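Take a look at the letters that make up each chain.
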Amino acid sequence: MKRFSLLALLLVATPACAEDGLTLSANTRLRYETIEGQPRTGFNESDDLFNIRTIVTGEYRSGQLKIGAELYDSRVYGGDAGTPITTGEVNTLELVQAYVGYDIPDAFGPGTKLGLQAGRFTLNLGSRRLVAADHYRNTTNGYTGIRADLGLPDDLSATLIYTLPQVRLPDNRADLVDNHVRFDRESFDLVLWGGLATKKLLGKRGAVELAYFHLGERDTPKLATRDRSLDTVGLRLYRDPAAGRADFESETIYQFGSVRASLAPTAAKLDVSAWFTHLEAGYTFKHPWAPRIALEFDYASGDGRGAKFTRFDTLFGMRRADLAPAGLYNAAGRANIVATGLRVEATPSKRIDAFAAYRPLWLASRYDSFSTTGVRDASGNSGRFAGHQIEARIRYWLIPKRLRLEWNGLLLAKGRFLRDAPNAPPGGDTLYNSLNATISF
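(A) Examining the layout of surface pockets more closely. The volume enclosed by the second largest pocket comes to roughly 470 Å³. Lining the second largest pocket we find 21 residues, and of these R129, R236, E249, E280 and A321 sit closest to its centre. Those elements that place two or more of their residues in the lining of the second largest pocket are β10 (229–239), β11 (245–260), β12 (269–284), β13 (292–300) and β14 (337–346). Tallied by class, the residues present in the lining of the second largest pocket amount to five nonpolar, three polar and 13 charged.

(B) How the structure looks around a nonpolar patch on the surface. Residues Y283, F285, I293, L295, L342, V344, Y358, I390, L411 and L431 make up a contiguous nonpolar surface patch of roughly 840 Å² in combined accessible area. Put simply, the parts of the chain that give the nonpolar patch at least two residues each are β13 and β14. For Y283, the position within the fold is in strand β12.

(C) Spotlight on the pattern of salt bridges. Taken as a whole and assessed by the stated rule, the structure comprises 28 salt bridges. Linking D322 and R334 is a salt bridge whose minimum nitrogen-to-oxygen distance equals 3.2 Å. Highlighted residues: D322 in the loop between β13 and β14 and R334 in the loop between β13 and β14, separated in sequence by 12 residues. Given the relative accessible area of 5%, D322 is considered buried. One network of salt bridges, in which partners are shared, links R129, E209, R236, E249, E251, D322 and R334.

(D) Molecular detail of empty space enclosed by the protein. By the definition in use, this model includes two cavities of 30 Å³ or more. Considering only enclosed or pocket space, the largest cavity measures out at about 70 Å³ in volume. The wall of the largest cavity is formed by L125, G126, S127, R128, R129, L130, V131, L196, E209, A211, F213 and E251. Counted by class, the lining of the largest cavity contains six nonpolar, two polar and four charged residues. Here the second largest cavity is characterised by a volume of approximately 40 Å³.

(E) Region of the structure containing the environment of L192. By secondary structure assignment, the location of L192 is in strand β8 (residues 190–200). Since its relative accessible area comes to 0%, L192 is described here as buried.

What counts as what
- Residues numbered from 1 in each chain as written.
- Predicted model: local features only at pLDDT ≥ 70, side-chain atom pairs only at ≥ 80, totals over all residues.
- Heavy atoms only, no water.
- 1 Å grid on protein atoms, 1.4 Å probe; cavity = no way out; pocket = protein on both sides within 12 Å on 5 of 7 lines; lining within 4 Å.
- Points joined across faces, edges and corners; volume = space filled by probe spheres on them.
- Helix = DSSP H or I, 4+ residues; strand = E, 2+ residues; numbered from the N terminus.
- Nonpolar A, V, L, I, M, F, W, Y, C, P; charged D, E, K, R; others polar.
- Patch = residues over 30% accessible without salt bridge, like charges linked within 9 Å, V, L, I, M, F, W, Y side chains within 5 Å.
- Areas by Shrake-Rupley, 256 points an atom, 1.4 Å probe, with all protein chains shown as cover.
- Salt bridge = Lys/Arg side-chain N within 4 Å of Asp/Glu carboxyl O.
- Buried < 20%, exposed > 50% of the residue type's maximum accessible area, 1.4 Å probe, protein only.

Next up, the structure:
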């Protein structure tokens, strides 16, 4: 019960203004999703699942001090033995955030600032491709440790972290299916530290960003790992969208270090050399709907036949914004993938926004499993083309700020690889749909 003491303190306090006092909020998201032609191995060819996620958030501020907490309750219903139910779907009654923060103005001279935070918290850093609090997925990523945000002269800023990523529990299928409550754990067996530095460019619509993160992992008595020791360095240059203006983004990430060849304690240790790049060029038209069209390219290396391990590891990054939905689909992630894309998005009114995207998909390495599907041809004889992916999303505020409806739809017309690889699931093309309703309080 001690884990909930901070949340209880927040809930019994008297609400006040957001600047100095207590703010409380909550939302519940209901999701029904279906899939036909599942492209991942080991699961039902057709499936459906009902997800419920409730988030209760409280933060108290007094001057430069803030104390916050956030409770997640993520559950699923309706799955059977072949339904992909993991810690990505279930994490019940978990205090993901419980932190204390303090802001120090003029810490490094006039106009500078320093923000400190300690405890449990979520993180969304930079492009969110390496460290993120996943939003589309039914559960999120939590981190326990310390964070420092620096505001420096000449439009320089930096964020530094030292954290123990929270391992979501329970992690066995029987308890997940039954939505059992078990508190997540953090330990020095899994450590993530590093940060990023950002320099705003002329006009402050663009910036250049340099990131570095180290992930250290080792076995525990209850969990065998691949003992990842990964150093990840990234360079990002971007210009934000604006009406009547072109925008762009370029991010390249290189990863090195070591990883065991398997979960076996005696497995050989392999040197890592992997990389990822995202390129994007867009234009937003001057129109009441603010239509934007963009060309996109993503490449994440896969493992080959060499002595080094070359499959890119996205750490704790999100996937929805770049590639595809998670949930029952969850097939396109930032590993062994080449994806070109055309994206169109618009905001017809304050209540509605939508986008559609087309992406042909290939394997970066024909010998590795395609992205996060588990489908593999070690001989390389099934080629590299995975298929054509078409997706769309529409969101509508039925009651502004209170009830938002959302539809996500995706078609994957399977290519040669997903049809001919030795362990490719049977069935035709993939059709995924999800219907969502988010109620905010």
